[in-house]
Amino acid sequence: MKPAVILVKSQLAENIGMAARAMKNCGLEELRLVAPEQSPTSETALRASSNSEEILHNAKIYADTKSALADLELVYAATARPRHQVKEVQTAEYAAQNLPQNLRTGFMFGCERTGLENEDISLADKIIEVPLNPAHSSLNLAQAVLVIGYEYYKTTISPAPSRFITNGGEIADKEKLFKFLEMLNAKIKQSPRLKDEEHTKTLLININNIFTRASLTEQELNSLYGIINILTDH
């Protein structure tokens, strides 16, 4: 089950909207608001949500924190200040990776000015934090939702750590690449500026390395053919 996001005593509609946007970025859908000072469906909030209006329209509003947490089984309080309370503190990454899938969970965030109050933190099972510069570890509301939400979202996807975009072009196979290099090498060998055989051999090896590690597309090879023909056409 996806965790709910609980915003306690949010002050600005714009921040509620941006938090909703952050939620949608991370695949989170359920927003709970405890005594917000401004409406989540105001024009300001909707505009700030950037196409995340459904989250705001479906948001549930509660009079107090206990009511907002009543049906949840595990609650994490997002705060950089435990305020001398005896609780387990988990990083956002660790909490997300170990989030029980069979429990109704929630991430709770405080208001923009002061964060969560002691009374709110005392209602949570654990504290969740984002390890940041100790000299300046505060985040605004939407940032906090985004960072913690992203750690959760990472557990639901398996993206390739690296990918190469060819814009639809086919990577040239080795046969075509070698044919191009043979032509290029032959052109270079015709230059009267080459110093000696050893220098020429080193130069050609360096050129071959440049092009073999470049993952050239067929279109790029054709462009290089054209460039060389232009430069050597007398």
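Every value quoted in this text rests on a predicted model; they were computed, and no experiment measured them. (Residues numbered from 1 in each chain as written. Predicted model: local features only at pLDDT ≥ 70, side-chain atom pairs only at ≥ 80, totals over all residues. Heavy atoms only, no water.)

Brief notes about the nonpolar core
- Among the nonpolar cores identified, the biggest contains 30 residues, and Val-5, Leu-7, Leu-31, Phe-107, Phe-109, Ile-128 and Val-145 are the most heavily contacted of them.
- Sorting the residues of this core by element identifies β1 (4-8), α1 (13-25), β2 (31-34), α3 (53-57), β4 (74-78), α5 (92-97), β6 (105-109) and α7 (141-154) as the ones contributing at least two each.
- A per-element tally of this core places α1 first, with 6 residues.
- Setting aside anything within four residues of it in sequence, one finds Val-5 in contact with Met-23, Leu-28, Glu-30, Leu-31, Arg-32, Phe-107, Phe-109 and Val-145. (Core = buried A, V, L, I, M, F, W, Y, C linked by side-chain atoms within 4.5 Å. Buried < 20%, exposed > 50% of the residue type's maximum accessible area, 1.4 Å probe, protein only. Helix = DSSP H or I, 4+ residues; strand = E, 2+ residues; numbered from the N terminus. Contact = heavy atoms within 4.5 Å.)

Regarding the layout of surface pockets
- Considering only enclosed or pocket space, the largest pocket measures out at about 600 Å³ in volume.
- Lining the largest pocket are 26 residues; nearest its centre among them are Thr-79, Ala-80, Ser-137, Ser-138 and Leu-139.
- Of all the secondary structure elements, the ones that give two or more residues to the lining of the largest pocket are β7 (126-129) and α7.
- No other element matches the 3 residues that α7 contributes to the lining of the largest pocket.
- Broken down by class, the residue content of the lining of the largest pocket amounts to 14 nonpolar, 7 polar and 5 charged. (1 Å grid on protein atoms, 1.4 Å probe; cavity = no way out; pocket = protein on both sides within 12 Å on 5 of 7 lines; lining within 4 Å. Points joined across faces, edges and corners; volume = space filled by probe spheres on them. Nonpolar A, V, L, I, M, F, W, Y, C, P; charged D, E, K, R; others polar.)

A word on unusual backbone geometry
- Phi is positive for Ala-35, close to 45°, though the residue is something other than glycine.
- Looking at where Ala-35 falls in the secondary structure, it is placed in the loop between β2 and α2 (43-49).
- A relative accessible area of 33% means that Ala-35 is categorised as partly exposed.
- A positive phi angle is found at Ser-50, which is not glycine, with a value near 50°.
- Of note, Ser-50 is situated in the loop between α2 and α3.
- A residue is classified by how much of its surface remains accessible, and Ser-50, at 34% relative accessible area, is partly exposed.

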